[in-house]
Each structure stands twice: as C-alpha cells, then as structure tokens.
Amino acid sequence: ERVAFSLAVVATVLVLAWTLKGYRASGDDLFQRESVIFLSAGCFVAATLPISLCEISMHLTNWVSPEQQKYTVRILWMIPIFSAQSWLGLRFSAASVYLECLRDLYEAFVIQSFLYLLVEFLGGKYKLVKTLRTKDKSLGRHGCLEFLGYSHWVMGRDYLLNCKRGVLQLTVIKTITTVLDTAFELFSNFSSVDSTVRPKVEFFIAVVNSVSMTFALYALAKLHKATYPELTIPINRRPLRKFLCIKLVVFATYWQGVVITLLEAKCVITEYGGWSSKEVARIITNYIVCVEMLFFAMAHTFAFSYRDFLTAADAQRDGVTGASLQFDGDGNDLSLAAVPCCNLMRSKSDLQIHYELWASLTSETLSEIKAVSFCVSRSTDDEKSDTGSASSSAEGIGISVADGGGVNIPV
C-alpha cells in the first residue's frame, strides 16, 4: 500500500512538471490556457490522493473485519478514482467522455457497496429481516408517492427486498446507459449523425439515469431511516455521517453535471476561445470535481475511519483517545462485539486480503441481482430466518468452519 501511495504521488508530480515544461515551451494560447487549468486542478489532486490513499492503506493494514471493511475500502476508492478521472479529462479533452464512463459505473457500484455495508453493520440479511419485522408498519409507507401507484412495503423481507431492488436497478441501468452512450459517441465520431439526434439521445439517457439515481437514493434513505436506532446503539456506526458523504458525492458528481449540461443546452454556457460550448461544459464539470474531491477526501477520512474497526488493544496502541471508544455499563469495550474473534488474526497475506476485497465483486453483484429478480420463495423465509441466526455470522463474515476457519467469500 505504501508503494502504491508513493507511486501515485510521484506520478502526479511528474505529470505536473511535464505539463509545466510544455506550457513554458509552447506559444499556443489554447495550450497555455489548458495547461493553467490542468496545473491548478492538479494541485487539488496532489493534495487529495495522499489523504485518500493513506486512509485506504490504514484499512488494509488493520484488516480486522473483512466483510465490513471490504465495502468501506471500495467506497473510499471513489475519491481517488473520481479525482484522477476528472483531472485526466482536463488534459485529454477528446477522451473525456470515455473517462466519464468509468466514473458513472463506479458511482453506481459505490451506492450498491454502501447498501451492503449497512446490511453487514446490522448483522447480515437474516438478522436484518428479523429486525425489520419488529418495526412500525408506517415506515413502509411512501407518503405522496402512493398517489403515483407506489405500493406499501411490508416490514420484513419485503422491505429489505425492495430496498435492494431500488439500489441494484441503478447498477443495471447505469451499465446499459453507459454502454449505449459510449457506443453512440463512437458511432458519431466515425459517421455523420444528424445534429438533432444527438441532443435527443443525450436527453433520454439523462432522464433515465436521473430517475434511476433518485430511486436508488430513496431506497437507501428508507433503509437508513428504518434501521437508524440499530446503527447507533449499542455501537454508534455514525450512519448519518456516512449517508451524507455518499449523497453529497453523488450530488457533486452527477447532479451538478446534469445542471451544467442543461446550461450548455440552453446556451447559457457558450464557446470560448478555441473550445466549443460542450468542451467548456466538460472542463467546468471536471475542474469542479477536482476541487470538491479534496474536501470529500477529508470528510471520508472521518466518516469511514479505520479506527471504527479497531479493537481496544489496537486503539491503545495507536493512541486513540478514550472518548473515541464506547463502553457498556460494566466497562466492557463494545467495539469488540463488532469484531469476531476469528478476525483478530493479523497474519493474513496480501493475496488473501486482495481476494476478500475484490475477488467476489462480480459474483456478489450478479447473485444479488438474480435473487432480487426471481424473488426467492416466501415459504422458505421463516425456515431461513430460524436457521439463519446460527449460520449468518459465519456467512456474514465469510468464514467456513469446515475448512478450519479459512476465508470463504460467498458467491
């Protein structure tokens, strides 16, 4: 992790130096303007990457709760990916639309990872279903949305299933629209397309993505509201802080991009110098994201801190203050309850951590989409709930007792 951190900083400095050298040697006004924008945005990127990568490195160093920390690390990677993508989009404006595809896909993936993180915090899906069954039925209502045909969500398995469906539909729709947008961009570059067709296609994709994103955030908010007491007592997971960080990053990267695109379509943003109005809109979007990611990197350091997963011994070793720890009435450290004893082993290899972090990425998503799409029979729900309490802890943390405690990521 330290090697990756060092390489990222060195690469950033070298690119800045290379651009500065080109800026001094070139007499092209357009290149000089691009270089000034790129260099100033690079200063924010150079400050963002160390903050984010350092926090990621601390999570991987203190890898004590894999099934929770793997989702946390995936969320933390959002900041350096978005920051680097926007920065490179400023320098290589012709490839900016293709770089944005990576940001769009990872954005949906982060929202999905946050849902899984909440489920893990709440003890796994079977325990969460039992918890939701005890909740007030009014939490399943949708207020004014019911006039639009939105049906009531029954507390329990149906509630969790609808929350998952609301988030996973974004992953599917974002993937489809991103592929279509990229294919249309390539087709436009190699053939003549009617100028009236492109705005219509972009508007259609923007509307579909906006509706999908809104529904996904609504589903997350419903789960957050229903389980807020369990997320704060007995262990305070600081769910509101985490939820706001996710929501603000989505607003900063997606919704502000939509607004800027609309301003460009309404001719509020016009061509400047040698740039077209569309290029100016993309430059504004990418530059703002580069600036915002620095502040979000600092916010994520507090909202998704590795210290949340430390045991009492780790906290004392790293100098965490007593105010950061939480104890029950008998003076026992409550953070121990969130860290299974089998996860306190620190002898895991880098390859094993890599497997836990990324190997189950595709299989997890596909299996969840399949389960939500085909809706596992309700008749087996009670049976699973009864047997789930004994097996959910082993399943939730990915530990197989049969193989002697080795890591077994469910697929």
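Residues take numbers from 1 onward in each chain, read along the sequence in its written order. For a predicted model such as this one, the threshold for reporting local features is a pLDDT of at least 70, and the threshold for listing and counting side-chain atom pairs is 80 or more; totals across whole chains, interfaces and linings nevertheless cover every residue. The basis for the side-chain values is all heavy atoms of the structure; hydrogens and waters are excluded.

Asks: Which residues make up the side chain of Gln-69, and what are the values?
Replies: Counting from the N terminus, the helices are DSSP H or I runs at least four residues long and the strands are E runs at least two residues long. Within the fold, Gln-69 resides in helix α3 (residues 66-76). Polar contacts here mean pairs of N or O atoms no more than 3.5 Å apart (in protein, one a potential hydrogen donor and the other a potential acceptor; neighbouring residues in sequence count only if both atoms are side-chain atoms). A polar side-chain atom of Gln-69 sits 2.9 Å from the main-chain amide nitrogen of Val-64. Any two residues having at least one pair of non-hydrogen atoms within 4.5 Å are treated as being in contact. In this view, Gln-69 contacts His-59, Asn-62, Trp-63, Val-64 and Phe-309; residues no more than four positions away in its chain are not counted.

Asks: Let's hear about unusual backbone geometry: which residues, and what values?
Replies: In this structure, Arg-238 is a non-glycine residue whose phi angle is positive, near 50 degrees. Its identity is not glycine, yet Cys-267 carries a phi of approximately 65 degrees, on the positive side.

Asks: I'd like a description of the pattern of salt bridges, backed by residues and values.
Replies: Any Lys or Arg side-chain nitrogen located within 4 Å of an Asp or Glu carboxyl oxygen qualifies as a salt bridge. In this structure the tally under the stated criterion is seven salt bridges. Residue Glu-230 pairs with Lys-135 through a salt bridge whose shortest N-O separation is 2.8 Å. Of the two residues, Glu-230 sits in helix α9 (residues 228-232) while Lys-135 sits in the loop between α6 (125-133) and α7 (157-190), which places them 95 residues apart along the sequence. When the shortest N-O distance is used, the salt bridge between Lys-278 and Glu-202 registers 3.5 Å. You can see Lys-278 sitting in helix α11 (residues 277-303) and its partner Glu-202 sitting in helix α8 (residues 197-226), a full 76 residues away along the chain. Assessed through its relative accessible area of 26%, Lys-278 is described here as partly exposed. When salt bridges with common partners are traced through the structure, they connect Asp-104, Glu-107 and Lys-174 into a single cluster. Think of it in three bands: residues with accessible area under 20% of the maximum for their type are buried, residues over 50% are exposed, and the middle band is partly exposed, with areas taken using a 1.4 Å probe on protein chains only.

Asks: Lay out the packing of α3 against helix α5 (residues 96-121) in plain terms, naming residues and giving numbers.
Replies: The angle between the axes and the distance between the axes are what describe a pair of packed helices. Note on geometry: axes are lines fitted to C-alpha atoms, helical ones only across the stretch in contact, with angles between N-to-C directions running from 0 to 180 degrees. Where α3 meets α5, the axes come as close as 9 Å, and the angle between the chain directions of the two elements is 155 degrees. Relative to α5, α3 is oriented roughly antiparallel. The handedness of the crossing between α3 and α5 is left-handed. Taking contact as the criterion, the partners of Glu-67, Gln-68, Tyr-71, Thr-72, Arg-74 and Ile-75 in α3 are, on α5, Tyr-106, Phe-109, Val-110, Ser-113, Phe-114, Tyr-116, Leu-117, Glu-120 and Phe-121. Oblique is the label for any angle not under 35 degrees, not over 145, and not in the 65 to 115 range, which are roughly parallel, roughly antiparallel and roughly perpendicular in turn. Two helices that cross are described as forming a left-handed crossing if the nearer one is turned anticlockwise from the farther one by less than a right angle, and a right-handed crossing if clockwise.

Asks: Give me the packing of aromatic side chains: which residues, what numbers.
Replies: Only Phe, Tyr and Trp rings take part, Trp by its six-membered ring, and two of them pair if their centres are within 6.5 Å. Stacked means planes under 30 degrees apart, edge-to-face means over 60, and tilted covers everything else. Using the criterion set out here, one finds seven aromatic pairs in the structure. Geometrically, the ring pair formed by Phe-38 and Trp-87 is stacked, given 4.6 Å between the ring centres and 5 degrees between the ring planes. Placement of Phe-38 in helix α2 (residues 29-61) and of Trp-87 in helix α4 (residues 78-91) is noted, with a sequence separation of 49 residues between them. Assigned by exposure class, Phe-38 and Trp-87 land together as buried. In this structure, Arg-91 is placed above the aromatic ring of Phe-92, and the distance from its NZ or CZ to the ring centre is 5.8 Å. We count a charge as sitting over a ring when the NZ of a lysine or the CZ of an arginine lies within 6 Å of the ring centre and within 35 degrees of the ring normal.

Asks: Tell me about a nonpolar patch on the surface, residues and numbers included.
Replies: Each patch groups residues whose relative accessible area exceeds 30% and which form no salt bridge, using 9 Å between like charges and 5 Å between nonpolar side chains of Val, Leu, Ile, Met, Phe, Trp and Tyr. Here the accessible surface of atoms and residues is derived via Shrake-Rupley with a 1.4 Å probe, and residues count as covered only by protein chains that are part of the display. Nonpolar side chains collect at one region of the surface, where Tyr-228, Leu-240, Leu-244 and Leu-248 lie side by side and expose about 350 Å² of accessible area between them. Among the elements that line the nonpolar patch, the one with the most residues is helix α10 (residues 239-265), at three residues. Locating Leu-244 in the fold gives a position in helix α10. Residue Leu-244 is classed as partly exposed on the basis of its relative accessible area of 41%.

Asks: An account of the environment of Thr-171 is requested, with residue identities and associated values reported.
Replies: Within the secondary structure, Thr-171 sits in helix α7. Residues Thr-171 and Met-213, 42 residues apart in the sequence, show an inter-C-alpha distance of 9.6 Å. A polar side-chain atom of Thr-171 sits 3.0 Å from a polar atom in the side chain of Gln-112.

Asks: Give me the nonpolar core: which residues, what numbers.
Replies: Nonpolar cores were defined as sets of buried Ala, Val, Leu, Ile, Met, Phe, Trp, Tyr and Cys residues, with membership established by side-chain atoms within 4.5 Å. The biggest cluster of nonpolar side chains holds 74 residues, and the ones touching the most others in it are Ile-111, Phe-114, Leu-220, Ile-246 and Phe-304. A total of 12 residues in this core trace back to one element, the largest contributor, which is α5.

Asks: So what's going on with the side chain of Glu-100? Which residues, and what values?
Replies: Assignment of secondary structure puts Glu-100 in helix α5. His is not counted, nor are the chain ends; Lys and Arg add positive charge and Asp and Glu add negative charge. One buried charged residue, Glu-100, forms no salt bridge at all, with the nearest opposite charge on Arg-103 at 4.2 Å. Not counting the four nearest positions on each side in its chain, Glu-100 is found in contact with Gln-85, Arg-282 and Asn-286.

Asks: So what's going on with the packing of α8 against α10? Residues and values would help.
Replies: Two elements in contact, α8 and α10, have axes separated by 12 Å at closest approach and are oriented at 170 degrees. Classed by the angle they form, the pair α8 and α10 counts as roughly antiparallel. Between α8 and α10, the contacting residues are Ala-206, Asn-209, Ser-210, Met-213, Thr-214, Leu-217, Leu-220, Ala-221 and His-224 on the first element and Pro-239, Leu-240, Phe-243, Val-250, Tyr-254, Trp-255 and Val-258 on the second. Each residue is assigned to one class: nonpolar for Ala, Val, Leu, Ile, Met, Phe, Trp, Tyr, Cys and Pro, charged for Asp, Glu, Lys and Arg, and polar for all the others, Gly among them. Of the residues that constitute the contact of α8 with α10, the class distribution is 12 nonpolar, four polar and no charged.

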